[in-house]
Amino acid sequence: MRSKLFLSAVILAMLPLTLRAQWSVGLLAGADYNLHQQDVHYMTDYRIRGAYGMTVGISGQYAVSDWLSFRVDPTFLGK
């Protein structure tokens with residue numbers, strides 16, 4: 001049991017040496033127009049109007065190889 005744990009720890013410690021990973025970070029920003037769609041049935045005098053909002057976020061990507069990467073985009077959408 002102890003030797004399996006030690007072998008697993010050694011493999012995990014050497015893993016970053018075999019991976020040539022690349023980090024990239026960026027900013028996201030922009031404007032958007034939000035329109036809520038709702039069926040109003042018989043309400044002929046009911047109007048649904050859209051509104052402008054803003055989008056702000058941070059993009060982070062960790063590229064493990066040429067064909068595999070992990071990306072996270074936490075974003076705030078003002079609606």
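This text follows the structure it describes.
The shown structure was predicted, so the numbers you read here are calculated from the model rather than taken from an experiment.

Undergrad: How would you explain the overall build of the protein if you had to name every residue and give the values?
TA: For the protein, the count of helices and strands is 1 helix and 4 strands. Secondary structure elements in the protein, listed N-terminal to C-terminal, are α-β-β-β-β. In the protein, which comprises 79 residues, the proportion classed as buried is 11%. Within the protein, residue pairs in contact and separated by at least 24 positions form 44% of the contacts whose partners lie at least 6 positions apart. A total of about 7500 Å² of accessible surface is found on the protein, and carbon and sulfur atoms cover 63% of it.

Undergrad: An account of the pattern of salt bridges is needed here, citing residue identities and associated values.
TA: For the structure shown, the criterion picks out 1 salt bridge. For Asp-73, the salt bridge goes to Arg-71, with nearest N and O atoms at 3.0 Å. On the basis of relative accessibility, which here comes to 32%, the residue Asp-73 falls in the partly exposed class. For Arg-71, a relative accessible area of 54% translates into the label exposed.

Undergrad: Give me the lowdown on the packing of aromatic side chains, citing residues and values where you can.
TA: For any pair of aromatic rings, the description consists of the separation of the ring centres together with the inter-plane angle of the planes. The full count for this structure, using the stated rule, is 2 aromatic pairs. Ring centres 4.7 Å apart and planes at 50° place the aromatic pair Trp-23 and Tyr-62 in the tilted group. A residue pair is termed long-range when its members are at least 10 positions apart, and Trp-23 in strand E1 (residues 22-34) and Tyr-62 in strand E2 (residues 51-63) qualify at 39 residues. A relative accessible area of 26% means that Tyr-62 is categorised as partly exposed.

The rules we used
- Residues numbered from 1 in each chain as written.
- Predicted model: local features only at pLDDT ≥ 70, side-chain atom pairs only at ≥ 80, totals over all residues.
- Heavy atoms only, no water.
- Helix = DSSP H or I, 4+ residues; strand = E, 2+ residues; numbered from the N terminus.
- Buried < 20%, exposed > 50% of the residue type's maximum accessible area, 1.4 Å probe, protein only.
- Contact = heavy atoms within 4.5 Å.
- Areas by Shrake-Rupley, 256 points an atom, 1.4 Å probe, with all protein chains shown as cover.
- Salt bridge = Lys/Arg side-chain N within 4 Å of Asp/Glu carboxyl O.
- Phe/Tyr/Trp six-rings, centres within 6.5 Å; stacked < 30°, edge-to-face > 60°.

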